[in-house]
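# An overview of the molecular structure
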Amino acid sequence: MRSELSIRKFSILLPVALFCASRAVLVRAAEPARAAEPQAQEAAGPFARVPLGFPMNSLSPYISEETVEYHYGKHYKANVDALNKLVAGKPEAAMSLDKIIMTAAPGPLFNNAAQTWNHAFYFSSLRPDGGGEPSGLLAGAINRDFGSFAKFREAYAAAAQTLFGSGWTWLVLDAGRLKVVQTFNADLPMKHGQTPLFVLDVWEHAYYIDYRNARPKYIDAVFDHLINWDFAAANYARAVAVGS
Ligand code: FE
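Described below are features of the structure shown in this document. (Residues numbered from 1 in each chain as written. Predicted model: local features only at pLDDT ≥ 70, side-chain atom pairs only at ≥ 80, totals over all residues.)

## Side note on the nonpolar core
In this structure, Trp-117, Leu-171 and Ala-232 are the most contacted members of the largest nonpolar core, which totals 64 residues. In terms of residues, this core owes the most to one element, helix 3 (residues 65–87), which gives 8 residues. The two domains that each donate at least three residues to this core are domain 1 (2–125) and domain 2 (136–241). (Core = buried A, V, L, I, M, F, W, Y, C linked by C-beta atoms within 7 Å. Buried ≥ 20, exposed ≤ 12 C-beta atoms within 10 Å, placed from the backbone. Helix = DSSP H or I, 4+ residues; strand = E, 2+ residues; numbered from the N terminus. Domains from an automatic or database assignment.)

Dropping the structure here:
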């Protein structure tokens, strides 16, 4: 029942591409013996975490089970819990997550709504046995806009490594061109008219247990082993289809 409830909420609250890609991961990850259950339910309210599409231990050794437990089970959950408490009894309780993000004033409501969105996108951007290079239309677009995959990876890694403080590094589609962009704290591409394809969380909680202060090792590990290119490619295809 709880799983059905989470999926229902998620289908209402996040973009179709994100939903479809995550469902694909869920199907693929349904076979391992270890369950991917969240540690606890969200505080009562209209918003829920995206179901984790893989077992918590399945990103190891590149991202440990302990990191996923804390990141998905505590940090992300705390954002969703705070969001549910902030909207309780208010008109925002009936709004979509996107609407709240686009209309909220700077402050706790925006921060927790945006971090709820960002973390759903992040956990959909990763998968066990991922990494490597994309194929198809997205690969062609990367070659067109960066020159080669190697140059894209170099630009992305530099942006992720040099982001000062806490934030996110994104591959986005902006006016028909792929770009690598940084956002700080809870900021996100939709506030800037950009369509995200893939994101890396570079808040310290995403990597400190596994890599301490060596953020470049985390970035390399994700590129080599964990990027969910199917998710990014689905987001790109959808964005192109709607003319982003
Ligand atoms: Fe995070």
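## Focus: helix 9 (residues 215–225)
Taken together, the buried positions of helix 9 are occupied by Arg-215, Tyr-218, Ile-219 and Val-222. Taken around the axis of helix 9, the buried residues stretch over an arc of 100°, which confines them to a single face. Those residues of helix 9 that are buried lie in contact with helix 7 (149–162), strand 3 (195–201) and helix 8 (208–211). (Arc of directions from axis to C-beta. Contact = placed C-beta atoms within 7 Å.)

## Some words on unusual backbone geometry
The omega angle of the peptide bond from Ser-60 to Pro-61 is 5°, so this bond is cis rather than trans. Inspection of the secondary structure puts Pro-61 in the loop between helix 2 (16–29) and helix 3. Here Asn-185, not a glycine, exhibits a phi torsion of approximately 55°, which is positive. Relative to the elements of secondary structure, Asn-185 occurs in the loop between strand 2 (177–184) and strand 3. The phi angle at Arg-212 is positive, at roughly 50°, despite the residue not being glycine. In this fold, Arg-212 is placed in the loop between helix 8 and helix 9. You can call Arg-212 exposed: it has 11 C-beta atoms within 10 Å.

## A word on the sheet that holds strand 2
Reading across from one edge, 2-1-3 is the order of the 3 strands in this open sheet, with antiparallel pairing throughout. The open sheet terminates on both sides in strands that have one partner only, identified here as strand 2 and strand 3. Averaged over all neighbouring strand pairs, the angle between strand axes comes to 25°, with direction disregarded. With 6 bridges joining them, strand 1 (residues 167–174) and strand 3 adopt antiparallel strand pairing. By the bridge assignment, Trp-170 is partnered in strand 3 with Val-199. (Pairing = 2+ DSSP bridges. Axes fitted to C-alpha atoms, helices over the stretch in contact; angles between N-to-C directions.)

## Examining the environment of Asn-57
Within the secondary structure layout, Asn-57 lies in the loop between helix 2 and helix 3. C-alpha separation for the pair Asn-57 and Thr-67, spaced 10 residues apart in sequence, amounts to 9.4 Å.

## Brief notes about the packing of helix 7 against helix 9
In contact at an axis separation of 10 Å, helix 7 and helix 9 are set at 145° when each is read in the N-to-C sense. The interaxial crossing formed by helix 7 with helix 9 has right-handed handedness. From helix 7, Arg-153, Ala-157, Ala-160 and Gln-161 reach across to helix 9, where they touch Arg-215, Pro-216, Ile-219 and Phe-223. Class assignment for the residues of the contact of helix 7 with helix 9 results in 5 nonpolar, 1 polar and 2 charged. (Left-handed = near helix turned anticlockwise from the far one by under 90°. Nonpolar A, V, L, I, M, F, W, Y, C, P; charged D, E, K, R; others polar.)

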